Amino acid sequence: MNRLRYEARLLILLMLAGGQLAIARTVFAQVLPDEAPLVDQPITVKPVASATGDASLLPTEIAAAPSTAEQPQSAPGYPQPAAAIHLERESPPTLQLGQPETSAPGFAQAETTLTTITNVRLEATDTGLQVILETAAGELPVPTSTVTNNALIAELENTVLALPDSDEFLAFEPATDIALVQVSALPGNRVQVAITGVDAAPTAEFVSTATGLTLSVLPGIASVVETDDALRVAVTGADDRDYTEPNATTGTRTDTPLIDIPQSIQVIPETVLEDQQVVRLNEALRNAPGVVQGNTFGGSSEQFVIRGFAGAAILQDGFRLDDTVTNGFRETANLEQIEVLRGPASILFGNVEPGGVINLVTKQPLATPAAELATQFGSEGFVRPRLDVTGPLNQSGTVRYRLNTVYERAEGFRDFETDTNRLFFAPVVAVDLGDRTDLILDFQYLNDQRPFDRGIPPLGDSIPDVPRDTITGEPTDFARVQNTGVGYRLEHRFSDQWQLRNRFRYGEVNFRNRRTELSELLGGLNPVTGDIARAIVFNESSLQSYEAQTELIGEFSTGSINHTLLMGLDLFFADADIFVATEPTLPVNLFNPRIGRAPVPDLPLAFTTGDSTSSLSRVGLLVQDQIELLPELNLLLGGRVDFFSQSSTSAAIVIPGIVNNPASEGDQSQTAFSPRVGIVYQPIEELALYASYSRAFQPNTLTSTTINGDFLDPEESEQFEVGVKADLLEGRLSATLSFFDISQTNVAAADPTNANFVVPIGEQTSQGMELNVTGEILPGWNVIAGLSLLDAEIADSPDFPDGATPPNVPDTSASLWTTYEIQSGDLAGLGFGVGLFYVGERQGDEGNSFKLDDYLRTDAALYYRRDDVRLGLNFRNLFDIRYFENGGLARRGATVGEPFTVVGSVSISF
């Protein structure tokens, strides 16, 4: 039976991969079906050949195939269109095409002489553009024309379109202020010529010739009057690259092209999240090399290791989502994109780990009404309906809203009785207070309950070969988090060059869990018998945090040198309370765990093992200057000073015969300076060479003290990084190759004798290389891939061996996700995806006492989108391999990776 399952999954993968290749070879030869006219439905147009129009850039099979309808014909020497465009209607279509009064639906055409258009040419002029319609014989009459918003529409009666290798003509951005020229056949022997301006409808003079018709087109002048049914033109080839996003704010806190930032930044756009049907953040970050999952505190929260350093800060729109206690799993339903900044970022965000930060960029309100209703469903009782709705709240559109809400339920593949139940609610309101002042108000609420699951504990130096659903806790173990956040963003533009931004966020997290887990204090796991000494633990914690950011951004010049200056003031305050109680319970055997027998005790439990309060305050001042010395040479200079203080009090901990810790309290106040300098040189526009140096600091976790109640000194780090960035295929494909060297001192780790406290491990170093590639290789063929090679080790540690590898850090990790979507023909909208995710061998704890094996996980996807409907099937862990995500805490258990899983999805947009 297992062999049959393996062969079936292999067949699915081969069919998907083979289908991609076969369709990629034949799709360009398919004939498009008759399309409804532009007035009947919105259309999305994407180029089939390369943006340069050079078929030699395509694979041999494709280059030899006949050109499709989406490849325009151009006059010799005329520049090919640079991008495709996407036309969407902002309200129900009202476009009416003008027709001669003698023409009516059903009018007989049998005895009417038809003129055939055999070719369409474009010729640039000094003032605009000429559109030349050529016929085999006979002139074309001067057509009727109408103007609808920014589109000039002309119709020719008694005319047939018969181009040599397509059934419509499309040219994208053929001239300044002209977005699209489209010539297409309409029912009833009619041909429509639609010329769309970028900002306004163009004008045209029609001249009939002996062999056709010439339209002399002039760009229109934009009108200040806006109509409710405006035709919106978005240049998809330039600004909507699906898998490629050219700009990010995480690297500089200004909207800067990625190629101009002297640091490695990867953007995972919403399209990738949709294609992979991402639910959890760790699923999305499989696409980021060098980013792996760290200890998740029994599967109740998310922690990531970047470039070998655990505890990477997770931001939302530039704000820290947590600083002390478990925040739960971050929601992905309201994300526009995920930005991963690798390397120290203290200059921008204060105290962060040197490996990097993860910034979640949320969706914002739109002026155009839109809604999406979607649901996911799949293995182990998984169901997840979702709603995303946006639009204006008043007639002028100066007040807009967006609402994302999600409900999720799942039973899970582990042998727990506790199900996952999750509710998320996130409204956002945007208000234009004036021409230069904008205000955004946002609120988020999350309520999440799921099993508390430590996973499978190691036996000796590896994880034992026991069934994947084996649990050593109790079926009723749970973790519950309630997370509330509210904030605002206020922006005022003094001029086109200067703006002031002020942002504030309040967050409150309440977390509780009851878990039954291996207890080192009671004896842990007996390696001979497999018996596990356990304790029931009750944990309750809360956090209140306040954060404010004020920044002034200005653009100016000193002579020939251009500057983008950022000056900021950041404030952060947080208070946390943590309570932990414990009492022994019945043991279980790892190889035959008889669970469900241990009685559930009343609260509070017998012994208090943690009762502490703590606080942190931080004030940061930063200055950054992005300097354009030459058009091809940019310099980035910046520095930040942070003043912070933290305090903590802990009650006495007494367990007779086991623990006797007196009450303690501690505090510290320090100042830290974090500089950054970087340089970017672009020998050509598509290529950038960069180098940077940066330093960072991180006060050790607010609630982490030594067993004596003392805080460790802040972690300090520095990084040297060099790299190459490239924008290929006219910006549709981007790549970054980086080399880095990071060192950090005063690193904290769990105390080997008491995991509730910390000890310093001295210095940690990390050197390595990363490669990221993201974008569109050919129309419809997208890819996001990466490779990380890493050498990380612990040095000068009093508690761990020198040369030990930090836990959950693989030497090698790599990912490849690629999709192909058919662009034309009867199968247009059908897509396939295949993903390979490799994580190398890792150590399970700081002492390197056990290892996690490497693994290669294979995913696949099949989807179909037509108009406003998308249907999909995603297959995760297609070959049902057994793997572990992380080593957990000390030796209490390793997190088990999900088995073969199927997720179906349906979404409707309207």
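Notes on the structure follow. (Residues numbered from 1 in each chain as written. Predicted model: local features only at pLDDT ≥ 70, side-chain atom pairs only at ≥ 80, totals over all residues. Heavy atoms only, no water.)

Turning to the overall build of the protein, a few remarks are in order. Scanning the protein from N- to C-terminus turns up 6 helices and 52 strands. Within the span of the protein, comprising 910 residues, buried residues form 55% of the whole. Nonlocal contacts in the protein, meaning residues at least 24 apart in sequence, comprise 69% of its contacts between residues at least 6 apart. (Helix = DSSP H or I, 4+ residues; strand = E, 2+ residues; numbered from the N terminus. Buried < 20%, exposed > 50% of the residue type's maximum accessible area, 1.4 Å probe, protein only. Contact = heavy atoms within 4.5 Å.)

To continue, consider the environment of T244. Note that T244 resides in the loop between helix 3 (236-239) and strand 14 (247-248). Owing to a relative accessible area of 6%, T244 belongs among the buried residues under this scheme. Residues T244 and I784 lie 540 residues apart in sequence; the distance between their C-alpha atoms is 9.0 Å. Among the polar contacts made by the side chain of T244, one reaches the main-chain carbonyl oxygen of T774 at a distance of 3.4 Å. (Polar contact = N/O pair within 3.5 Å; in protein donor to acceptor, adjacent residues only side chain to side chain.)

With that out of the way, let us pick up the pairing of strand 42 (residues 763-778). Here strand 39 (residues 733-745) runs beside strand 42; their pairing, made up of 13 bridges, is antiparallel. Bridge pairing in strand 42 places D741 opposite Q767. The hairpin formed by strand 42 and strand 43 (residues 781-795) contains 2 residues between the paired strands, and G780 there has a positive phi angle of roughly 90 degrees. (Pairing = 2+ DSSP bridges.)

A sheet is described by the order of its strands in space; here 5 strands give the open sequence 5-6-10-9-8, paired in antiparallel fashion. Only two strands of the sheet have a single partner each, and these edge strands are strand 5 (144-148) and strand 8 (168-175). Pairwise comparison of adjacent strand axes, ignoring direction, gives a mean angle of 15 degrees for this sheet. (Axes fitted to C-alpha atoms, helices over the stretch in contact; angles between N-to-C directions.)

We now examine the pairing of strand 49 (residues 869-876). Sheet topology note: the strand 48 (residues 855-866)/strand 49 ladder contains 7 bridges and is antiparallel. Note that in strand 49 the partner of L862 across the bridge is L873. Taken together, strand 48 and the strand that follows it, strand 49, pair antiparallel across an intervening segment of 2 residues, in which D867 is found at a positive phi of about 55 degrees. Looking at chain direction, strand 49 and strand 52 (residues 901-909) are connected through 8 bridges and run antiparallel. From the neighbouring strand, G872 faces strand 52, where its bridge partner is S905.

In this section: the sheet that holds strand 12 (residues 212-218). Sheet strands line up and pair through hydrogen bonds in the backbone, either parallel or antiparallel. Read across the open sheet, the 5 strands follow the order 7-3-4-12-11; overall the sheet is mixed. Two strands lie at the open edges of the sheet, namely strand 7 (159-161) and strand 11 (203-209), each paired on one side alone. Geometrically, the sheet is characterised by an average inter-axis angle of 30 degrees between neighbouring strands, direction not taken into account. Note: strand 4 (residues 129-135) against strand 12, 6 bridges, orientation antiparallel. Looking at strand 12, one finds that I132 is bridged to T214.

Another point: the environment of N539. Along the chain, N539 turns up in strand 30 (residues 531-558). On the basis of relative accessible area, N539 is assigned to the buried category, the value being 7%. Once the C-alpha coordinates of N539 and T582 are considered, the two residues, 43 residues apart in sequence, prove to be 8.9 Å apart. Those residues within four positions of N539 in sequence are excluded, and the remaining contacts are F297, F511, R512, N513, R515, I578, F579 and V580.

This part is about a nonpolar patch on the surface. On the surface, a cluster of nonpolar side chains totalling about 460 Å² of accessible area is made up of L373, V869, L871, I908 and F910. On the basis of relative accessible area, L871 is assigned to the partly exposed category, the value being 40%. (Patch = residues over 30% accessible without salt bridge, like charges linked within 9 Å, V, L, I, M, F, W, Y side chains within 5 Å. Areas by Shrake-Rupley, 256 points an atom, 1.4 Å probe, with all protein chains shown as cover. Salt bridge = Lys/Arg side-chain N within 4 Å of Asp/Glu carboxyl O.)

It is worth spelling out the packing of aromatic side chains at this point. Tallied over the entire structure, the rule returns 8 aromatic pairs. On the numbers, 6.1 Å between centres and 5 degrees between planes, the contact of W498 with F556 is stacked. Taken together, the residues span a long stretch of sequence, with W498 in strand 29 (residues 498-518) and F556 in strand 30 at a distance of 58 residues. Between the aromatic rings of Y693 and F720, the centroid separation amounts to 4.9 Å while the plane-to-plane angle is 45 degrees, which identifies the pairing as tilted. Of this pair, Y693 sits in strand 37 (residues 687-698) while F720 sits in strand 38 (residues 715-728), placing them 27 residues apart in sequence. These aromatic residues form a ring-pair network of at least three members: F297, F452 and F511. Over the face of the ring belonging to F740 we find R307, whose NZ or CZ atom lies 3.9 Å from the ring centre. Sitting over the face of the ring of Y690, K725 holds its NZ or CZ atom 5.3 Å from the ring centroid. (Phe/Tyr/Trp six-rings, centres within 6.5 Å; stacked < 30°, edge-to-face > 60°. Lys NZ or Arg CZ within 6 Å of the ring centre and 35° of its normal.)

Our next topic: the environment of L789. Topologically, L789 is positioned in strand 43. Spatially, the C-alpha atoms of L789 and T812 are 4.8 Å apart, while their sequence positions differ by 23 residues.

Let us look at unusual backbone geometry. Positioned with a positive phi, N158 is a non-glycine residue whose angle comes to about 50 degrees. Mapped onto the elements, N158 comes out in the loop between strand 6 (151-157) and strand 7. Notably, A890 is not glycine yet its phi reads approximately 50 degrees, a positive angle. Summarising the element assignment, A890 is placed in the loop between strand 50 (884-886) and strand 51 (895-896).

Now for the pattern of salt bridges. For the structure shown, the criterion picks out 47 salt bridges. The salt bridge partner of R384 is E331, with a shortest N-O separation of 2.5 Å. Within this pair, whereas R384 is found in strand 24 (residues 382-392), its partner E331 is found in the loop between strand 20 (319-320) and strand 21 (335-342), the two being separated by 53 residues in sequence. You'll find R384 and E331 in the same group, each marked buried. R422 serves as the salt-bridge partner of E331, at 2.9 Å between the closest nitrogen and oxygen. Placement of the pair is E331 in the loop between strand 20 and strand 21 and R422 in strand 26 (residues 420-432), with a sequence separation of 91 residues. Residues E331 and R422 agree in their burial class; the two are buried. What you see here is one network of salt bridges that share partners, running through R280, E331, R384, E408, R422, D448 and R450.

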